[in-house]
Amino acid sequence: MAVAKFAEIKEYMLSQIEIAAWPEHSRVPSENELAEQFSVSRMTARRALQELTEQGILYRTQGVGSFVAALKSQSSLLEIRNIADEINSRGHAYSARLLQLTELPCPTIIAAALGLKRNEPVYFSLIVHLENNQPLQLEARYVSPKLVPDYVKQDFNQQTPHQYLSFIAPLTEAEHTVEAIWPDDFTCKHLILKKAEPCLRLTRRTFSREGAVSLAYLTSPGSRYRLGGHLNFSLPSSRETI
């Protein structure tokens, strides 16, 4: 029974976060409050809070309580941001050029990443993101039709895939890798590179509570784009050592 109640508590807390009833950095119910609400022991409630904290969904402040964490990739703590918001925050104009939006037979490597079968349908979009009319990023994205059935019906000249997916299938987890590459002719053409120059490629797989949602390859010229972030580290308490 305790295991069933523990799962019920986690499910409830995740649902509250997903519908934004508990926004980022808001305090969540305490062990005592959860124990009373679900008629379980404090140990069962504590386990739910502890595992959500270990997964990066919550964070704890000693003596204060547990809070909803900002959504970040667990692999490297880089915040997942919408590229349109990034560009607009610099006071620049964002626009997009949609090159392809279709359904394809799923390649083997994509099937493995998205939990699909080889050659079953997968959605694919190819978009150039522009900053002040200059190509900044080429986005190639595969999306699970099972989790996002209306993806190919969207107008991605009006909204980014990130915006749409965050609304339809709220992200609970992400993983990514970053690598330097030499672009092929196709990439050079659409990023308007007069000659091949090193590019930064971010490969990102995102998940909702239902499973893997999308796999995206985001390629930008090294001369026009950089990755950065700000990390906060809590100071050790008087009983901790560095």
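Definitions and limits used
- Residues numbered from 1 in each chain as written.
- Predicted model: local features only at pLDDT ≥ 70, side-chain atom pairs only at ≥ 80, totals over all residues.
- Heavy atoms only, no water.
- Helix = DSSP H or I, 4+ residues; strand = E, 2+ residues; numbered from the N terminus.
- Buried < 20%, exposed > 50% of the residue type's maximum accessible area, 1.4 Å probe, protein only.
- Contact = heavy atoms within 4.5 Å.
- Areas by Shrake-Rupley, 256 points an atom, 1.4 Å probe, with all protein chains shown as cover.
- Core = buried A, V, L, I, M, F, W, Y, C linked by side-chain atoms within 4.5 Å.
- Axes fitted to C-alpha atoms, helices over the stretch in contact; angles between N-to-C directions.
- Left-handed = near helix turned anticlockwise from the far one by under 90°.
- Nonpolar A, V, L, I, M, F, W, Y, C, P; charged D, E, K, R; others polar.

In the nomenclature of an unreviewed UniProt entry, the chain corresponds to Histidine utilization repressor from the organism Rheinheimera pacifica.

A. Seen up close, the overall build of the chain. The helix and strand tally for the chain stands at 7 helices and 8 strands. Here the chain holds 242 residues, and the buried ones make up 41% of them. Contacts spanning at least 24 positions in sequence make up 60% of the contacts within the chain whose residues lie at least 6 apart. Surface accessibility of the chain: about 14,100 Å² in total, with carbon and sulfur atoms responsible for 51%.

B. Structural view of the nonpolar core. If you look at the biggest cluster of nonpolar residues, it comprises 22 residues, and the most contacted ones within it are Cys-106, Ile-110, Leu-114, Leu-116, Val-122 and Tyr-142. When contributions to this core are tallied by element, the ones reaching two or more residues are α5 (108-114), β4 (121-131), β5 (134-143), β7 (199-208) and β8 (211-221). Tallying contributions element by element places β4 first for this core, with 5 residues. Among residues more than four places away in sequence, those in contact with Cys-106 are Ala-111, Leu-116, Lys-117, Arg-118, Asn-119, Glu-120 and Val-122. Grouped together as the second largest cluster of nonpolar side chains are 17 residues, Phe-6, Ala-45, Ala-48 and Leu-52 included.

C. Focus on the packing of helix α2 (residues 31-38) against helix α3 (residues 42-54). Where α2 meets α3, the closest approach of the two axes is 8 Å, and the angle between their N-to-C directions is 115°. The two elements α2 and α3 meet at a crossing, and its hand is right-handed. The segment α2 lies against α3, with Glu-31, Asn-32, Leu-34 and Ala-35 engaging Arg-42, Ala-45, Arg-46 and Leu-49. In terms of residue class, the contact of α2 with α3 is made up of 4 nonpolar, 1 polar and 3 charged.

D. Quick look at unusual backbone geometry. The backbone phi angle of Ser-39 is positive, close to 55°, even though this residue is not glycine. Its place among the elements puts Ser-39 in the loop between α2 and α3. For Ser-39, a relative accessible area of 65% corresponds to the exposed category. If you check the backbone angles, Asn-119 has positive phi at about 75° while not being a glycine. Classification of Asn-119 by relative accessible area gives partly exposed; the value is 46%.

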